[in-house]
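What follows is each chain in one-letter form.
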Amino acid sequence: MAKQPFALLWPSYFAFSLPVCGLAGLLFATAGHATDASTFHNAPSSASSVANPYSGQTSAVTAGAALYAAHCASCHGAIGQGTGNIPALAHGATQQASAGALFWFITQGSVNNGMPSWAALPAQQRWQIVSYLKVLPTVKATSAAQDEAIASPITTPPPHPPFTDFRYEAPGKVRKITVADLPAPYATSSAGNAPTVVPRPADVIPRAPEGFKVNLYAEGLGTPRVIRVAPNGDIFLAESGSGQIRIFRGMTAEGKPGQTDVFATHLDKPYGIAFYPQGPNPQWVYVGNTNAVVRFPYRNGDLQARGKAEHVVDLPHGPGHWTRDVAFSLDNKTMYVAVGSASNVDDSDTSPAEKDRANILAFDPDGSNKRVYAWGIRNPSGIAIDPKNGQLWTTVNERDGLGDNLVPDYITSVREGGFYGWPWWYMGAHQDPRHAGKHPELKDRVITPDVILQPHNASLQIAFYEASRFPKEYDGDLFAAEHGSWNKATRVGYELIRIPRHHTGKASGEYEDFLTGFVLPNGQVWGRPVSVTAAPDGSLLVTDDGSNSIWRVDYVGAKH
Ligand code: HEC
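No experiment lies behind these values; they were computed from the predicted model shown.

When you go through the protein residue by residue, the secondary structure sums to 8 helices and 27 strands. The C-alpha atoms of the protein give a radius of gyration of 23 Å, which matches the 24 Å a tight globule of 560 residues would have. Taken along its principal axes, the extent of the C-alpha atoms in the protein is 70 × 55 × 50 Å. Across the 560 residues of the protein, 61% fall into the buried class. Within the protein, residue pairs in contact and separated by at least 24 positions form 62% of the contacts whose partners lie at least 6 positions apart. Of the accessible surface of the protein, which amounts to about 20400 Å², a share of 55% is contributed by carbon and sulfur atoms. Of the charged side chains in the protein, 45 are positive and 49 negative, and the gap between their average positions amounts to 1 Å.

Okay, structure coming up:
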């Protein structure tokens with residue numbers, strides 16, 4: 001896809017990034033998008049009933065194709081397949097909407113959500129685009145579209161440290177960003193640069209620091225997302241795309257699973273997985289569906305759920321961030337559930353869709369007694385409890401639309417009752433210009449997070465390293481999976497990072513590139529890290545929903 005950043009200054013909320021193009025469309029089509037022609041993005045019926053004056057004209061379709069390639073393909077994909085997080089147009093709501101509703105929507109845009117208004121194009125051209133949208137399902141990928149994707153060179157100048165991009169990510173490179181490094185809002189424009197994921201070239205695998213060896217653990221999965229290890233050593237994987245939980249058992253000499261089974265199916269975008277109660281004999285496996293927490297009865301050794309999913313509690317859901325991570329406090333009294341925002345930066349005071357979102361919620365383990373544990377956390381996509389002291393940590397996707405180097409994603413220990421800024425403030429007392437003047441009383445309450453990451457990294461999951469296979473200095477460190485940017489001129493993220501804690505249990509703000517190489521030198525993306533856990537043998541397993549596989553990183557000792 002074109003690397004040319006768009007000179008645009010509109011915000012958008014898709015930082016969390018869905019995986020593969022087709023799936024993105026699918027999920028978005030079901031995630032609150034109207035499928036009924038009369039309600040497509042709330043288009044008024046007067047607009048929806050207007051007929052396309054160029055309907056049936058081949059010349060309009062041809063003209064529309066050129067306009068689509070020039071204005072729309074960079075975000076929605078060459079053949080409307082959707083890219084990263086941006087909805088598909090070749091199927092789903094767009095194909096069900098009336099021509100008039102599409103014309104109306106393209107004219108308006110959905111500016112706060114990253115879809116520009118095309119009112120500046122002459123009406124004739126907008127109708128021509130509508131004509132073309134309706135034939136998209138029949139358009140096949142041409143080699144021209146592919147060639148364009150492959151050829152696009154990276155021409156942006158090198159980044160200004162401490163900010164970086166994929167070209168400069170390298171295993172072992174230590175980084176530290178402080179609040180003093182942050183540019184002003186809109187210092188650069190905001191790019192629409194979502195990846196179209198390409199197949200992994202056969203000779204490419206991720207790169208780890210010296211002394212570590214990487215191998216492919218499993219492939220052909222259905223959007224592998226959160227990965228967690230049960231107390232008995234079985235490895236649980238949420239396949240969010242296929243709506244199931246898979247289990248892997250054992251590790252062969254080649255670093256592959258000894259056995260695999262499907263634990264549960266028919267889940268609704270399952271993500272978080274937690275075993276309850278903690279300790280050697282859990283009785284339940286909790287799963288965070290996008291709209292509810294459910295749980296399965298469980299005994300050590302079960303390869304398939306021994307009973308039906310039991311409903312624990314409904315969760316706010318709908319548009320925007322769909323992942324729901326789940327974790328339990330060490331004393332088993334509290335269930336934490338992370339619920340990301342519905343929008344990029346809508347005002348939660350006035351937007352009903354934001355109720356109980358952009359929060360870490362707390363419940364009793366039976367789903368009762370809901371409270372807000374911490375708030376103003378735009379998308380806390382991953383939560384984890386430090387096994388040494390019970391401290392809750394999270395990794396967060398911050399907002400878009402303020403430029404290449406704002407607002408940083410972050411990893412932080414979470415304070416009960418803590419306010420982390422969204423949507424009115426960020427990174428301490430910095431006001432979001434889109435909410436100028438609002439909530440002055442909160443200015444000094446905004447917590448600055450422990451570890452400031454590259455803006456737009458899309459940090460999705462964290463795990464504490466408690467195994468003993470890696471060198472001593474890794475004990476108690478955090479690893480985090482960075483899914484990778486869409487809102488930045490040159491990609492950043494697409495890596496696994498390490499947060500060294502130097503045996504202190506605290507993070508000093510520094511982090512280190514650990515597993516890189518998911519982006520090819522020409523900027524094409526073949527892999528997207530989502531989640532990480534330490535396998536019973538102490539190697540790391542990293543899920544990748546770009547290549548739908550799991551990577552294993554083992555320590556084999558420094559070269560001599
Ligand atoms: C910078 C990225 C970007 C560009 C360029 C862009 N769009 Fe979009 N488009 C989006 C995003 C993001 C959404 C989702 C908005 C929302 O959910 O409110 C969207 C939504 C849509 C939808 C509604 C899809 C649905 O399932 O609800 C249509 C139709 C659409 N765009 C058409 C177009 C057309 C036609 C063009 C070119 C003239 C275009 N877009 C250019 C980002 C873009």
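This paragraph deals with the coordination of the iron atom of the ligand. Around the iron atom of the ligand, the protein supplies His76 (NE2) and Met115 (SD) as donor atoms, at distances of 2.0 to 2.1 Å. Angles of 88 to 178 degrees at the metal separate the 6 donor atoms of the iron atom of the ligand, which places the site in the octahedral class. Of this pair, His76 sits in helix H4 (residues 73-76) while Met115 sits in the loop between helix H6 (99-108) and helix H7 (123-135), placing them 39 residues apart in sequence. For the pair shown, His76 and Met115 are each scored as buried.

Here Thr323 shows up in the loop between strand S10 (310-314) and strand S11 (324-328). Its relative accessible area of 2% is what places Thr323 among the buried residues. In this structure, Thr323 is in contact with Arg225, Tyr271, Ala338, Gly340, Asn379 and Ser381, ignoring residues within four places of it in sequence.

Across a sheet, strands are paired by hydrogen bonds formed along the backbone, either parallel or antiparallel in direction. If you trace the 4 strands from one edge of the open sheet to the other, you get S7-S8-S9-S10, paired in antiparallel fashion. Both edges of this open sheet fall to strand S7 (273-276) and S10, since each of them pairs with a single strand only. On average, each strand axis in the sheet is inclined to that of its neighbour by 25 degrees, with strand direction left out of account. Two elements, strand S9 (residues 292-297) and S10, share 4 bridges in a ladder whose sense is antiparallel.

With that settled, the discussion passes to the environment of Gln283. Relative to the helices and strands, Gln283 is located in the loop between S7 and strand S8 (284-288). A relative accessible area of 29% places Gln283 in the partly exposed class. Separated by 13 residues in sequence, Gln283 and Phe296 have C-alpha atoms that sit 8.5 Å apart. Once residues within four sequence positions are removed from consideration, Gln283 is found in contact with Tyr276, Pro277, Phe296, Pro297, Tyr298 and Arg299.

Once that is clear, we can look at the packing of aromatic side chains. Tallying each qualifying case throughout the model produces 33 aromatic pairs. Here Phe236 and Phe275 contribute two aromatic rings whose centre-to-centre distance is 5.0 Å and whose plane-to-plane angle is 85 degrees, an arrangement assigned as edge-to-face. Of this pair, Phe236 sits in strand S4 (residues 235-239) while Phe275 sits in strand S7, placing them 39 residues apart in sequence. Aromatic pair Phe263 and Tyr298: ring centres 6.1 Å apart, planes at 70 degrees, arrangement edge-to-face. With Phe263 in strand S6 (residues 259-264) and Tyr298 in the loop between S9 and S10, the pair connects residues that are 35 residues apart, well separated along the chain.

Quick look at the side chain of Asp404 now. One can find Asp404 in the loop between strand S16 (392-397) and strand S17 (408-413). A distance of 3.0 Å separates the side chain of Asp404 from the backbone nitrogen of Ala489, its partner in a polar contact. In contact with Asp404, other than residues within four places in its own chain, are Thr188, Ser189, Pro455, His456, Asn487, Lys488 and Ala489.

The next thing to look at is the site of the ligand. The local shell around the ligand holds 25 residues, among which His41, Cys72, Cys75, His76 and Met115 are the closest. The side chain of His41 places a nitrogen or oxygen atom 2.5 Å from an oxygen atom of the ligand. A distance of 2.8 Å separates a nitrogen atom of the ligand from a polar atom in the side chain of His76. Here the shell around the ligand gets 3 residues from one element, more than from any other, and that element is H6. Looking at the shell around the ligand, its residues break down into 17 nonpolar, 8 polar and no charged.

Before going further, it helps to spend a moment on H7. With 13 residues, H7 should cover 18 Å at 1.5 Å per step; its first-to-last C-alpha distance of 19 Å lies within 8% of that length. Burial in H7 covers these residues: Arg126, Trp127, Gln128, Ile129, Val130, Ser131, Tyr132 and Leu133. Summarising the contacts, the buried residues of H7 are in contact with helix H3 (58-71), helix H5 (93-96) and H6.

What follows deals with the nonpolar core. Grouped together as the largest cluster of nonpolar side chains are 30 residues, with contacts concentrated most on Phe479, Leu496, Phe514, Leu515 and Leu540. Where this core is concerned, the elements lending two or more residues are strand S2 (212-218), strand S22 (478-482), strand S24 (510-515), strand S25 (529-534), strand S26 (540-544) and strand S27 (549-555). Considering each element in turn, this core owes the most residues, 3 residues, to S2. Discounting residues that sit within four places of it in the chain, Leu496 has contacts with Phe479, Ala480, Ala481, Glu512, Asp513, Phe514, Leu515, Val532, Leu540 and Val542. Ranked by size, the runner-up nonpolar core spans 27 residues in total, among them Ala47, Ala99, Trp118 and Val130.

The next thing to look at is the sheet that holds S25. Overall, antiparallel pairing links the 4 strands, which are arranged S2-S27-S26-S25 in an open sheet. Looking at which strands have only one partner, the edges of the open sheet turn out to be S2 and S25. The sheet shows a mean angle of 25 degrees between the axes of neighbouring strands, direction not considered.

So, about the packing of H6 against H7. In the contact formed by H6 and H7, the axes pass within 10 Å of each other and the chain directions differ by 125 degrees. Comparing the axis directions of H6 and H7 gives the class oblique. H6 and H7 meet at a crossing whose hand is right-handed. Here Ala99, Gly100, Leu102, Phe103, Ile106 and Thr107 of H6 come into contact with H7, specifically with Ala123, Arg126, Trp127, Ile129, Val130, Leu133 and Lys134. When grouped by side-chain class, the residues that make up the contact of H6 with H7 number 9 nonpolar, 2 polar and 2 charged.

Moving on, we come to the domain arrangement of the protein. Looking at the protein, the domain boundaries give domain 1 (14-147) and domain 2 (173-555). Taking the mean C-alpha position of each, domain 1 and domain 2 sit 31 Å from one another.

Quick look at the pairing of strand S13 (residues 359-363) now. Judged by how many residues are buried, S13 sits mostly within the fold: 5 of 5 residues are covered. By the alternation rule, side chains of S13 split into Asn359, Leu361 and Phe363 and Ile360 and Ala362, which are all buried. Bridge analysis of strand S12 (residues 335-339) against S13 gives 5 bridges, and the strand direction is antiparallel. Paired with Val337 across the two strands is Leu361, which belongs to S13.

Definitions and cut-offs
Residues numbered from 1 in each chain as written. Predicted model: local features only at pLDDT ≥ 70, side-chain atom pairs only at ≥ 80, totals over all residues. Heavy atoms only, no water. Helix = DSSP H or I, 4+ residues; strand = E, 2+ residues; numbered from the N terminus. Rg over C-alpha atoms; globule rule 2.2 N^0.38 Å. Buried < 20%, exposed > 50% of the residue type's maximum accessible area, 1.4 Å probe, protein only. Contact = heavy atoms within 4.5 Å. Areas by Shrake-Rupley, 256 points an atom, 1.4 Å probe, with all protein chains shown as cover. Lys, Arg positive; Asp, Glu negative; His and termini not counted. Charge placed at Lys NZ, Arg CZ, Asp CG, Glu CD. Donors = N, O, S within 2.8 Å, 3.2 Å for Na, K, Ca; no water. Tetrahedral: all angles 85-135°; square planar, octahedral: opposite > 155°, others 65-115°. Pairing = 2+ DSSP bridges. Axes fitted to C-alpha atoms, helices over the stretch in contact; angles between N-to-C directions. Phe/Tyr/Trp six-rings, centres within 6.5 Å; stacked < 30°, edge-to-face > 60°. Polar contact = N/O pair within 3.5 Å; in protein donor to acceptor, adjacent residues only side chain to side chain. Near = heavy atom within 4 Å. Nonpolar A, V, L, I, M, F, W, Y, C, P; charged D, E, K, R; others polar. Expected span 1.5 Å × (residues − 1). Core = buried A, V, L, I, M, F, W, Y, C linked by side-chain atoms within 4.5 Å. Parallel < 35°, antiparallel > 145°, perpendicular 65-115°, else oblique. Left-handed = near helix turned anticlockwise from the far one by under 90°. Domains from an automatic or database assignment.

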